[in-house]
Each structure stands twice: as C-alpha cells, then as structure tokens.
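Letter by letter, the chains look like this.
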Amino acid sequence: MAAVDALIRKHMDSPVPVIPALADHLIAGSAKRLRPLLTVAAARLAGARDEACLKLAAAVEFIHTATLLHDDVVDSSQLRRGRVAAHLIWGAPSSVLVGDFLFARAFELMVGAGSMPALEILARASRVIAEGEVLQLTRAHDLDLSQELYLEIIGAKTAELFAAAAEVGAVSAGASPERCRALRQYGQDLGLAFQLVDDALDYSGDAGTLGKNAGDDFREGKATLPLLLAMQRTPGEREFWIRTIDRRDQTEADFDRARALMAETRALDDTLGLAADYARNAKAALAEFGANPWRPALEDLADFAVARRA
C-alpha cells in the first residue's frame, strides 16, 4: 500500500497548482483506502507475486476520489473525511474539473498496467457508477422507493467499484474465469454491506467519528434503507416524512425525531442485519480459494465493513 500511495502522489501532480492542492486535500484525508487495498489483496489471493496490480489499485482510488468530488458538489456536502469539503474552499467548478482530471489519470494508469481486460472492467465500472448516481438523483426524495430499487442504486453507485476493484486484482494475477467471478462477487457483496452500514451510521454516528456530519442524508432528503424501513413502519407519521424528506422543511428537532422513529421500528437494526448478510455472502464467495493464507485477511475485511463506526 505504501507503493500504491507513492503512485497516487506521483500521478496527482500537475503544473496547474490548484489540481494537486485540491486533490491532496481529499486524498490526504483519513481515507481507508479500502478499494485499492482490495485490488492488492485480491491479486495476492489469486496468486500474484509481482507488482502488476499496483497501477490498477491506484487507478481504483482515483476513480473513487473523482466520484467523491463530484458527489460533494451535487449533494452540497459540508464535510468529507473530517475536512471541509473541497468545493467550499476552491469552488464547485474547480472540484468538478479536478474530478475529471483524476478520472483521466485513472485511465492513464489503466493503460500503463497493460491489461485490456482490466481496462474494460474499470471503464465499465465508471459508466455503471455514473448511471447509479443519476438514477439516485432522479429518485431523490422518493418516499415510495422500493427496497429492490434502492439496492439496485447502491449496487451501481457503490458496490460496482468494490466488485471491479477485486476483479481487476484477480485479472492482474492471471486467475481463472471462475476465480475472477468469485472475487467479483466478493467485492459486490462487500460493497453492498459497506454502503448499508454507511446508511445506518448517518443516523447513529457522530461527526467526530464519521468524518462528515451525522444526519447529512436526512437533511438532503436521501431515501436510504433506514429511512425507507422507518417510513413503511410508521404510516401514522406520513405527514412528518412528507414535510421533512419530500419538502425538506425541517427544524432542528426533526433529525432526533427521525432517529427515535428508526429506533422504535428497528429500521437501523434491520439495515445492519442485511449488511451482515451481505458480509457473510462475501466471505462465502471466497470458498473457491480453499485454505489460502490471504483468505482470512479478506474475510476480516468483510467483518470490518459491518463492525466499523466510521
């Protein structure tokens, strides 16, 4: 990972000063680097002993960071990774354009890795992520969003990059199609678990540990799974949900009331329960690799995804 970080530092450089300054503001934050870590670990699990996966891991992180820069502008987010969101410092146009720069750098790294299958996987992932973000935008504040469509949205906008990160690691190791599919499934389920926990933490965490403001999803009127479950289970509170989520006419007390309703209806518990199911599925996908010494590390990563508090 130190080598991956070195590649990231090298490729976010530019003679245009605002580009490395803005990129460093986000990349140097308290990032977990889960996605590039997943690429390296998947490559090692699949038998890689060389460094071919490192450029792909750096490309994965650039894709992820680019989407965060764009998301923060779309969502008008105030905090990211415990820091003031970049668009509030440099402005929305600069944030969007630096996001574009990072996408371009990601594709340069993919080409440098010399693997057309890996390039195809990450190019497809970039397209699917964009589709997921647009789908979420078109269904924003939708009080009747189904759980199935919600899972489709997070499968595209979050889990797809986890799946691609694991799959390109396997591809870079020259793994069999069966093993590539197994690691893609692992990444997909891990990503779903990760996003579901994120959704729950928005209502149960705090800014000090989250690195962003608790309640951002509520204030933005995002229809995440805890909210959908709470709304379905409190038909008598329909007017409250319409006012706060559909019209976003909120008072300071409304977030606490929403959290209380989620506790009463077990909406948070059930969201975390579903995340745990996906984490178990992710670990089950690793059965293809038998008693591999890297397998426990990836199983631990799935456990971490549901046990974390940030």
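Per-chain numbering applies: the sequence of each chain, read as written, is numbered from 1 onward. In view of the model being predicted, local features appear only for residues whose pLDDT reaches at least 70, and side-chain atom pairs are presented and counted only at 80 or more, with totals across whole chains, interfaces and linings using the full set of residues. Think of the side-chain values as coming from all heavy atoms in the structure, minus any hydrogens and water.

Caption draft 1: Main features of unusual backbone geometry. We note that histidine 141 has phi near 65 degrees; this positive angle belongs to a residue other than glycine. Numbering of helices and strands runs from the N terminus; a helix is a DSSP stretch of H or I covering at least four residues, while a strand is a stretch of E covering at least two. Mapping histidine 141 onto the fold places it in the loop between helix H7 (116-138) and helix H8 (147-172).

Caption draft 2: Inspection of the packing of helix H1 (residues 2-11) against helix H4 (residues 53-75) at higher detail. In the contact formed by H1 and H4, the axes pass within 9 Å of each other and the chain directions differ by 60 degrees. In terms of orientation, H1 and H4 fall into the oblique class. Taken as a pair, H1 and H4 cross one another with a handedness that is right-handed. Taking contact as the criterion, the partners of Ala3, Val4, Leu7, Ile8 and His11 in H1 are, on H4, Leu54, Lys55, Ala57, Ala58, Glu61 and Phe62. A per-class count over the contact of H1 with H4 returns 8 nonpolar, 1 polar and 2 charged. Axis definition: a line fit to C-alpha positions, over the contact stretch in the case of helices; interaxial angles, taken between N-to-C directions, run 0 to 180 degrees. An angle counts as roughly parallel when it lies under 35 degrees, as roughly antiparallel when it exceeds 145, as roughly perpendicular when it falls between 65 and 115, and as oblique in every other case. By convention, the crossing between two helices is left-handed when the near helix turns anticlockwise from the far helix through less than a right angle, and right-handed when the turn is clockwise. Throughout, a contact is declared for two residues whenever any of their heavy atoms are within 4.5 Å. In the scheme used here, Gly and all other residues not listed as nonpolar or charged are polar, with Ala, Val, Leu, Ile, Met, Phe, Trp, Tyr, Cys and Pro taken as nonpolar and Asp, Glu, Lys and Arg as charged.

Caption draft 3: Representation of helix H12 (residues 225-233) in the model. Summarising burial for H12: 7 of the 9 residues are buried, a large majority. Buried means the residue's accessible area, taken with a 1.4 Å probe over protein chains only, is under 20% of the maximum for its type, while exposed means over 50%, and partly exposed covers the values in between. Those residues of H12 not exposed but buried are Leu225, Pro226, Leu227, Leu228, Leu229, Ala230 and Met231. Contact partners of the buried residues in H12: H8, helix H9 (177-204), helix H13 (238-246), helix H14 (254-265) and helix H15 (267-284).

Caption draft 4: A look at empty space enclosed by the protein. Site definitions follow a grid-based scheme: protein atoms alone, a 1 Å grid, a 1.4 Å probe that fits but cannot get out for cavities, and for pockets an open set with protein on both sides within 12 Å along at least five of seven lines, plus lining residues having an atom within 4 Å of a point. Grid points are joined across faces, edges and corners, and a volume is the space filled by probe spheres set on the points. Per the counting criterion, the structure on display carries 1 cavity of 30 Å³ or more. The computed volume of the largest cavity comes to approximately 40 Å³. Lining the largest cavity are His25, Leu26, Leu69, Asp72, Arg80, Arg83, Val84, Ala85 and Ala86. Class assignment for the residues of the lining of the largest cavity results in 5 nonpolar, 1 polar and 3 charged.

Caption draft 5: The arrangement of the nonpolar core in detail. Put simply, a nonpolar core is a bunch of buried Ala, Val, Leu, Ile, Met, Phe, Trp, Tyr and Cys residues held in one set by side-chain atoms that sit within 4.5 Å of each other. Grouped together as the largest cluster of nonpolar side chains are 103 residues, with contacts concentrated most on Leu38, Leu122, Leu183, Tyr186, Trp241 and Leu298. What leucine 38 contacts, discounting residues up to four positions off in sequence, is Phe162, Ala165, Ala166, Tyr186, Gly187, Leu190, Leu298 and Leu301.

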